[in-house]
Amino acid sequence: MRARRTTTVLSVLAAVTVGHLIASRAETGLGDKPFVTSASEGRVAHLVYGDVEVTDVTPAKYVVPQVSTELARMAGGVYLLVSVKATATREPTTFRGAYLVDQSGRQYRASAKAECALLVESGPGIPAYAVYCFDVPTDRLAGLRLEFGRGSLTYSTFQGDAIADIDLGITAADQRSWPKTDDAYLAESTSLAPIELESVTLTETGS
Amino acid sequence: MRRGWWRENRFWLPALPLALAGLLLASSYNVKEYWYDNGLHDELASAGPGTFASATDHYDDGRGPTSRTFSVRLAALGTTDVYPDEEDRGPGRPPKGVGAVVVYLDWEAPTDQVLRGCTVSVVDDQGRRYDVDTSTFVNSCTPEGHAGPQAPFGSTDERGTVPEGEERRETWSTRTVILVPLGREITQVRVWWETPDYVQLSAS
């Protein structure tokens, strides 16, 4: 009788503990792994809420603000200008999550000082175009992937949501040559039309 | 199984489904926050074409709980080749493969009701929703330049403050342009401020 009672008490305690662990994880969802759809540059990743495609990756040393009186922004490493086409499928969708991930799993956010896109909004069936500018260390370029999805308004995670994991196709040869670039491009953000990067010739200013 | 076991648990076994139902109910509180409150799920009022729908929308402003009361009807749906381009600050054509739907609405509301900052959406026959670009159409539900009272931002702000010259009449009409892919059939118009509440106007 005593053994049976002990088993019952232990069972109840185990059930409460497991329930608490599940509930506390579900509260934020921070630890939940996203559902990944893999793709590569030029190929569309079909997610449950939208289609995502990387249409171009361009290295640059400088990104020039749209306001012509402001100074150009110089990369600490090398700027990667990643052009993305995002199309929602069911309802207006904001794609808030866009991170580059290197081969060691390090995550890079879009550069705030470059004044390019930080998020993009799309209506169902209406493609939205965005250019994200990432400042990446010169020895971390090869094998970079773009993780892209709805993201979280509060946390830098995808919280168990569906995301696109897109290989940017950057090779070891690119990693050797791209850091030598002196190219400068006008900062672009988002548009309803495809975005053509505009090359800029820099002029020195007196200090 | 021993017959005695069933007899011994004859009260607990029927209680098991009820306990499970209670467990699911108690742990589903996140469904409201993450799903119900996060989308358009609460229809305040609805009406057919040309008929007014009257609604009272309860919400919180900077001072606390309040509400807005208004009536709205779908006067007509149309199309246009001219879409206001926010970047160019001027009219342009919609993107390739995309059309511009014009939503004509008639409104009635007391002049002290806060109706700024609404969103007008259209829904197609497959249930896909298209919203007005709120960065281009900031006040889709009020007459241009006469949006009426502002909502207080903080607890020390007054309610009912109307910027000089922006007083609103009791009846007015609005015209909103929404981008929709070509070939989609619009069946509903929705007017809303904050999810989950909305007013639905049938287009047919």
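How each quantity is defined
- Residues numbered from 1 in each chain as written.
- Chains lettered and ligands numbered in written order.
- Predicted model: local features only at pLDDT ≥ 70, side-chain atom pairs only at ≥ 80, totals over all residues.
- Contact = placed C-beta atoms within 7 Å.
- Nonpolar A, V, L, I, M, F, W, Y, C, P; charged D, E, K, R; others polar.
- Pairing = 2+ DSSP bridges.
- Helix = DSSP H or I, 4+ residues; strand = E, 2+ residues; numbered from the N terminus.
- Axes fitted to C-alpha atoms, helices over the stretch in contact; angles between N-to-C directions.
- Domains from an automatic or database assignment.
- pLDDT = per-residue confidence, 0-100.
- Core = buried A, V, L, I, M, F, W, Y, C linked by C-beta atoms within 7 Å.
- Buried ≥ 20, exposed ≤ 12 C-beta atoms within 10 Å, placed from the backbone.
- Expected span 1.5 Å × (residues − 1).

Could you clarify how one ought to interpret the interface of chain A and chain B in this entry?
Often, the extent of an interface is quoted as the loss of accessible area upon association of its parts. In this assembly, 11 residues from chain A lie in contact with 10 residues from chain B. Grouping the amino acids of the side of chain A that touches chain B by side-chain chemistry returns seven nonpolar, two polar and two charged.

Any chance you could explain the sheet that holds strand β9 (residues 171–181) of chain B here in plain terms?
Residues and elements named next belong to chain B. Read across the open sheet, the four strands follow the order β2-β3-β6-β9; overall the sheet is antiparallel. Each edge of the open sheet carries a strand with a single partner, namely β2 (53–61) and β9. Strand-to-strand twist across the sheet, computed as the mean angle between neighbouring axes with direction ignored, equals 40°. Both β2 and strand β3 (residues 64–80) contribute to a ladder of nine bridges, which runs antiparallel. Its bridge partner being in β3, Asp 57 is matched across the sheet by Arg 68.

Help me out: how do you make sense of the domain arrangement of chain B in this one?
Domain boundaries in chain B define domain 1 (1–38) and domain 2 (43–202). For domain 1 of chain B versus domain 2 of chain B, the separation of C-alpha centres amounts to 44 Å.

Please explain the domain arrangement of chain A as it appears in this structure.
You can read the domains of chain A as domain 1 (1–30) and domain 2 (31–191). Distance between the C-alpha centres of domain 1 of chain A and domain 2 of chain A: 43 Å.

Looking at this structure, how should I read the environment of Arg 175 of chain B?
Residue and element names in this part refer to chain B. Mapped onto the elements, Arg 175 comes out in strand β9. A C-alpha to C-alpha distance of 10.0 Å links Arg 175 and Phe 137, two positions 38 residues apart in sequence. Not counting residues within four places of it along the chain, the set of residues in contact with Arg 175 comprises Val 102 and Tyr 104.

Any chance you could explain the confidence of the model for chain B here in plain terms?
Close reading of the predicted structure is inappropriate where its pLDDT is low. Across chain B, pLDDT averages 90, with 96% of residues at or above 70. Overall fold confidence (pTM) sits at 0.83, and the ipTM for the predicted complex is 0.79.

Looking at this structure, I do not really get the pairing of strand β6 (residues 98–108) of chain B. What am I missing?
The two faces of a sheet get side chains in turn, since along a regular strand they alternate between them. All names here are of chain B. By the bridge criterion, nine bridges tie β3 to β6 in an arrangement that is antiparallel. By the bridge assignment, Val 72 is partnered in β6 with Trp 107. When β6 meets β9, the two strands line up antiparallel, connected through 11 bridges. The partner of Val 103 across the bridge, within β9, is Thr 176.

Quick question: what am I supposed to make of unusual backbone geometry here?
Trans peptide bonds make up most of the peptide bonds, and negative phi angles are found at most residues other than glycine. Cis peptide bonds are those with omega within 30 degrees of zero, and the linkage from Thr 195 of chain B to Pro 196 of chain B qualifies with 10°. In this fold, Pro 196 of chain B is placed in the loop between β10 (186–192) and β11 (197–202). Positive phi, close to 60°, is recorded for Glu 115 of chain A, a residue that is not glycine. With respect to the helices and strands, Glu 115 of chain A occurs in the loop between β7 (107–109) and β8 (120–122).

Before we go on, may I ask you to explain the sheet that holds β10 of chain B in this structure?
Pairing between sheet strands relies on hydrogen bonds along the backbone, with the strands arranged either parallel or antiparallel. Residues and elements named next belong to chain B. The strand order β1-β11-β10-β7-β8 describes an open sheet built from five strands, whose pairing is mixed. The open sheet terminates on both sides in strands that have one partner only, identified here as β1 (42–47) and β8 (129–131). Averaged over all neighbouring strand pairs, the angle between strand axes comes to 25°, with direction disregarded. Direction of pairing for strand β7 (residues 119–124) relative to β8: antiparallel, over a ladder of three bridges. Residue pairing for β8: Val 123 is matched across the bridge by Arg 129.

Would you mind showing me how to read the nonpolar core here?
Among the nonpolar cores identified, the biggest contains 48 residues, and Tyr 79, Tyr 132 and Cys 133 of chain A are the most heavily contacted of them. Counting residues per element, the ones that place at least two in this core are β3 (50–64), β4 (73–88), β6 (97–101), β9 (128–136), β10 (145–149) and β11 (162–167) of chain A. In contact with Tyr 132 of chain A, other than residues within four places in its own chain, are Val 82, Val 84, Ala 98, Ala 110, Cys 116 and Ala 117 of chain A. Formed by 32 residues, the second largest nonpolar core is a distinct cluster that contains Leu 115, Val 122, Tyr 130 and Ile 178 of chain B.

Just to check I follow, could you spell out helix α2 (residues 12–26) of chain B for this structure?
Every α-helix winds through 3.6 residues per turn, so residues three or four apart in the chain are directed the same way. Here α2 of chain B contains 15 residues, and its C-alpha end-to-end distance of 20 Å stays within 8% of the 21 Å for a straight helix at 1.5 Å per residue. The buried fraction of α2 of chain B amounts to zero of the 15 residues, a small share that puts the element mostly on the outside.

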